[in-house]
Amino acid sequence: MNAPTGGGATMVGGPMIMEPGGPLRGRTRVPGDKSISHRVLMLAALADGESTIHGLSDGGDVACTRAIVEALGARVDAEEDPDGRQVLRISGGRLGPAQSDLDVGNSGTGIRLLAGMLAGLGFASTLDGDASIRRRPMDRVLEPLRAMGASVTGSGDGGALAPLAIDGGGLRGIEYRLPMASAQVKGCVLFAGLSADGPTTVVEDQPSRAHTEELMAATGIDVERTHDNGLDRVTVLPGRPTPFVHDVAGDPSQAAFWAVGASILPGSEVVIENVYAGPARSGFAAVLARMGADLFHDPVTSDLTVRAPSGGVLSATTVRADEVPGLVDEVPVLAVAAACADGETVFEGVGELRVKESDRLATVESELGRMGVDVRAEGDRLMVRGRAGSQLRGTSVDAHNDHRIAMACAVAALVADGPTTIDGWGAVATSYPMFPDHRATLLAGGIGA
Ligand code: S3P
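Just so we're clear, the structure is a prediction, and the values are computed from it rather than from any experiment.

Engineer: How should the site of the ligand be read in this particular structure?
Structural biologist: Close contacts around the ligand come from Ser35, Arg39, Thr109, Ala181, Ser182, Ala183, Gln184, Arg209, Val328, Asp329 and Lys356, and that covers them all. A distance of 3.0 Å is found between an oxygen atom of the ligand and a backbone nitrogen or oxygen belonging to Ala183. With respect to the ligand, the side chain of Lys356 contributes an N or O atom lying 2.7 Å from an oxygen atom. Compared with its free state, where it exposes 380 Å², the ligand has 95% of that area covered by protein.

What follows is the structure in structure tokens.
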């Protein structure tokens, strides 16, 4: 019963070859949450004294933020706990100018949050990143930072791209209503607010992930949150975090890959350990449940258990625009679930996906399309016409330098009719270097490393 079949993964130079296989069974961990990891590094760097962080994300994006806080003068010592999880001890509180430009790598969260923090610190910095970062819109953080009085200069035509030159200090507190649902922009303004001359308020029409305000409150910053007239408001008072200990929960965006895999492969049952369960991160689970998936997020252990649906099939759904901030990073893999569900699934109001690591509406359309999925992107909508039990085509796809496109294709590859070659697999190292190992472990029905 449920003997694992196939599923081998081979890295040949750049591309990864993924064999079909399944079911997925057993337990796994996922990396520490990436959004939380960036923020705890920054808060520890600002706190005057030693903070301890357990289980930070082991991806390249967070490694860049760690290197940046070290370049600014935080001292970071790393060791492993008896479970093999990383423990960092960070001595912060005395930040100063770095010797050279600060490289965020591929990380949009890194550059936008750090822009806010650095805008408030009384020295000059330049933030830069890879070719993808240099294409992504930075006007969304430049505008509120300038309203706070920051001296920040962008590059490119119109000056709204990285690199960003920041001459920090002299900020005033403002009230800022986000023009788009973006936790990165909210976080940028709130980090700047820590160094402003008075309260700083961010107003949201649609609540985005709440890590900045949750972690600031947990580290002693004066934070007030209200909900009034359909709007969410977060106000921070200027100040510095106190040194803290934080255990980073597992990343729900990574758990989503195994949740979809288990939902489309009959006979699957996976337990993903200690997955973050806070606001605006579990939208994928609600959508999968609506499609007929069998999920249970244990409120005590935070383990997420996913079983193949008892009826055996998923059905299509409509993902409303107001649900999107809570699952913005999970759309590519939910599109794989939709490809295996009966009927047409429509994702509404997903225009923000066009400005992620790749234009994800275009890359989901092109790459799942190559695998034989009937998928169309039009404006800010994505439509997937699926068929329960359908086999996708094993072929060559391109990750477009986008970790989430690569991993969504790797999940699709499990139900393909032959091997899938994923070009540009290296992008996965930005967030989930152990993905192939965890995939192999779940295919073998064992315990993930
Ligand atoms: C993130 C916010 C989201 C998300 C990104 C992480 C964060 O971006 O896509 O992966 O940690 O604040 P937006 O704020 O641009 O929606």
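Engineer: I tried to follow the sheet that holds strand E9 (residues 102–103) on my own but got confused; where do I start?
Structural biologist: To summarise the sheet geometry, strands pair through backbone hydrogen bonds and adopt either a parallel or an antiparallel arrangement. One open sheet accounts for four strands, arranged E9-E10-E12-E11; its pairing is mixed. The sheet is open, and its two edges are formed by E9 and strand E11 (151–155), each paired on a single side. Alignment of strand E10 (residues 124–128) against strand E12 (residues 161–167), held across four bridges, turns out to be antiparallel. Within E12, the residue paired with Thr126 across the bridge is Ala165. Helix H4 (residues 139–147) rests against E11 and E12 of the sheet, and its axis sits at about 160° to E11.

Engineer: Just to check I follow, could you spell out the nonpolar core for this structure?
Structural biologist: In globular proteins that are soluble, nonpolar side chains generally tend to be buried together. Leu382, Trp425 and Phe435 are the most contacted members of the largest nonpolar core, which totals 73 residues. Top contributing element to this core by residue count: helix H11 (residues 403–414), with ten residues. Leave out the neighbours within four places in its chain, and Leu382 touches Val331, Ala335, Thr345, Val346, Phe347, Val350, Leu361, Val364, Val375, Arg376 and Ala377. Leu102, Ile111, Leu190 and Tyr276 belong to the second largest nonpolar core, which has 65 residues in total.

Engineer: Just to check I follow, could you spell out unusual backbone geometry for this structure?
Structural biologist: Glycine aside, a negative phi is what most residues show, and trans is what most peptide bonds show. At the junction of Gly22 and Pro23, the peptide bond is cis and its omega measures out at 0° in the coordinates. In this fold, Pro23 is placed in the loop between strand E4 (21–22) and strand E5 (25–28). Of the consecutive residues Ala162 and Pro163, the connecting peptide bond is found in the cis state with omega at 0°. By the element assignment, Pro163 lies in strand E12. Located in the positive-phi region is Asn401, a residue other than glycine, with phi close to 60°. In this structure, Asn401 sits in the loop between strand E26 (396–398) and H11. Since its relative accessible area comes to 55%, Asn401 is described here as exposed.

Engineer: How should the packing of helix H7 (residues 252–264) against helix H9 (residues 331–339) be read in this particular structure?
Structural biologist: The description of two packed helices rests on the angle between their axes and on the distance between the axes. Look at H7 against H9: their axes get within 10 Å of each other, and the N-to-C directions meet at 0°. One way to sum up the angle between H7 and H9 is to call them roughly parallel. Two secondary-structure elements touch here, H7 through Ala256, Phe257, Val260 and Ile264 and H9 through Val333, Leu334, Val336 and Ala337. When grouped by side-chain class, the residues that make up the contact of H7 with H9 number eight nonpolar, no polar and no charged.

Engineer: Before we go on, may I ask you to explain the pairing of strand E24 (residues 374–378) in this structure?
Structural biologist: Here is the key point about a regular strand: its side chains alternate between the two faces of the sheet. Residues Val375 and Ala377 line the buried face of E24, whereas the alternating positions Asp374, Arg376 and Glu378 sit on a face that is not buried. Between E24 and the antiparallel strand that follows it, strand E25 (residues 381–386), lie two residues; Gly379 among them carries a positive phi value of about 60°.

Engineer: How do you make sense of the side chain of Ser107 when you look at a structure like this?
Structural biologist: With respect to the helices, strands and loops of the structure, Ser107 is situated in the loop between E9 and helix H3 (108–119). Classification of Ser107 as buried rests on a relative accessible area of 1%. Only 2.8 Å separates the side chain of Ser107 from the backbone nitrogen of Gly110, close enough to count as a polar contact. In this structure, Ser107 is in contact with His38, Asp61 and Ile133, ignoring residues within four places of it in sequence.

Engineer: How should I be thinking about helix H2 (residues 60–71) in this particular structure?
Structural biologist: Working note: α-helix, 3.6 residues per turn, so residues spaced by three or four point in the same direction. Between its first and last C-alpha, H2 extends 16 Å over twelve residues, near the 16 Å set by a 1.5 Å rise per residue. All of the buried residues along H2 are Asp61, Val62, Cys64, Thr65, Ile68 and Val69. Looking down the long axis of H2, one finds its buried residues gathered within 150° of arc, a one-sided arrangement. Residues of H2 that are buried make contact with helix H1 (34–46), E9, H3 and E10. Once H2 finishes, Gly73 follows within two positions and takes phi at roughly 115°, a positive value.

Engineer: Teacher, can you tell me more about the state of the cysteines here?
Structural biologist: A covalent bond between the sulfur atoms of two cysteines is referred to as a disulfide. A complete count under the given rule lists zero disulfides for this structure. Not part of a disulfide, Cys64 finds its nearest cysteine sulfur in Cys188, a span of 18 Å. Not engaged in a disulfide, the cysteine Cys340 finds its nearest cysteine sulfur in Cys409; these two sulfurs lie 13 Å apart.

Engineer: Can you help me understand the environment of Ala115 in this one?
Structural biologist: On the secondary structure map, Ala115 appears in helix H3. For Ala115, the contacting residues outside a window of four places in its chain are Leu127, Leu145, Leu164 and Ile166.

Engineer: Sorry if this is basic, but what is going on with the sheet that holds strand E19 (residues 294–297) here?
Structural biologist: Read across the sheet, four strands follow the order E5-E18-E20-E19 without closing on themselves; strand pairing throughout is mixed. Either end of the sheet is taken by a strand with one partner, and the two such strands are E5 and E19. Within this sheet the neighbouring strands show an average axis-to-axis angle of 10°, counted without direction. For strand E18 (residues 269–272) and strand E20 (residues 304–307), the ladder comprises four bridges, and the chain directions are antiparallel. Looking across to E20, one finds that Val270 is bridged to Val306.

Engineer: Would you mind going over the pattern of salt bridges with me for this structure?
Structural biologist: When their charged atoms lie close together, side chains carrying opposite charge are able to pair. This model, assessed by the stated rule, comprises 34 salt bridges. With a shortest N-O distance of 2.6 Å, Glu175 and Arg233 are connected by a salt bridge. Pair noted here: Glu175 is in strand E13 (residues 175–177) and Arg233 is in strand E16 (residues 231–236), with a separation of 58 residues, a long-range link. Of the charged contacts in the structure, one is a salt bridge between Arg385 and Glu344, with a shortest N-O distance of 3.9 Å. Taken as a pair, Arg385 in strand E25 and Glu344 in strand E23 (residues 341–347) lie far apart in primary sequence, 41 residues in all. Look at Arg385 and you get partly exposed, because its relative accessible area is 46%. Note on Glu344: relative accessible area 30%, which makes it partly exposed. Among the charged side chains, a salt-bridge network with shared partners connects Arg136, Arg209, Asp329, Glu357, Arg360, Asp402 and Arg404.

What counts as what
- Residues numbered from 1 in each chain as written.
- Predicted model: local features only at pLDDT ≥ 70, side-chain atom pairs only at ≥ 80, totals over all residues.
- Heavy atoms only, no water.
- Near = heavy atom within 4 Å.
- Polar contact = N/O pair within 3.5 Å; in protein donor to acceptor, adjacent residues only side chain to side chain.
- Areas by Shrake-Rupley, 256 points an atom, 1.4 Å probe, with all protein chains shown as cover.
- Pairing = 2+ DSSP bridges.
- Helix = DSSP H or I, 4+ residues; strand = E, 2+ residues; numbered from the N terminus.
- Contact = heavy atoms within 4.5 Å.
- Axes fitted to C-alpha atoms, helices over the stretch in contact; angles between N-to-C directions.
- Core = buried A, V, L, I, M, F, W, Y, C linked by side-chain atoms within 4.5 Å.
- Buried < 20%, exposed > 50% of the residue type's maximum accessible area, 1.4 Å probe, protein only.
- Parallel < 35°, antiparallel > 145°, perpendicular 65-115°, else oblique.
- Nonpolar A, V, L, I, M, F, W, Y, C, P; charged D, E, K, R; others polar.
- Expected span 1.5 Å × (residues − 1).
- Arc of directions from axis to C-beta.
- Disulfide = S-S within 2.5 Å.
- Salt bridge = Lys/Arg side-chain N within 4 Å of Asp/Glu carboxyl O.

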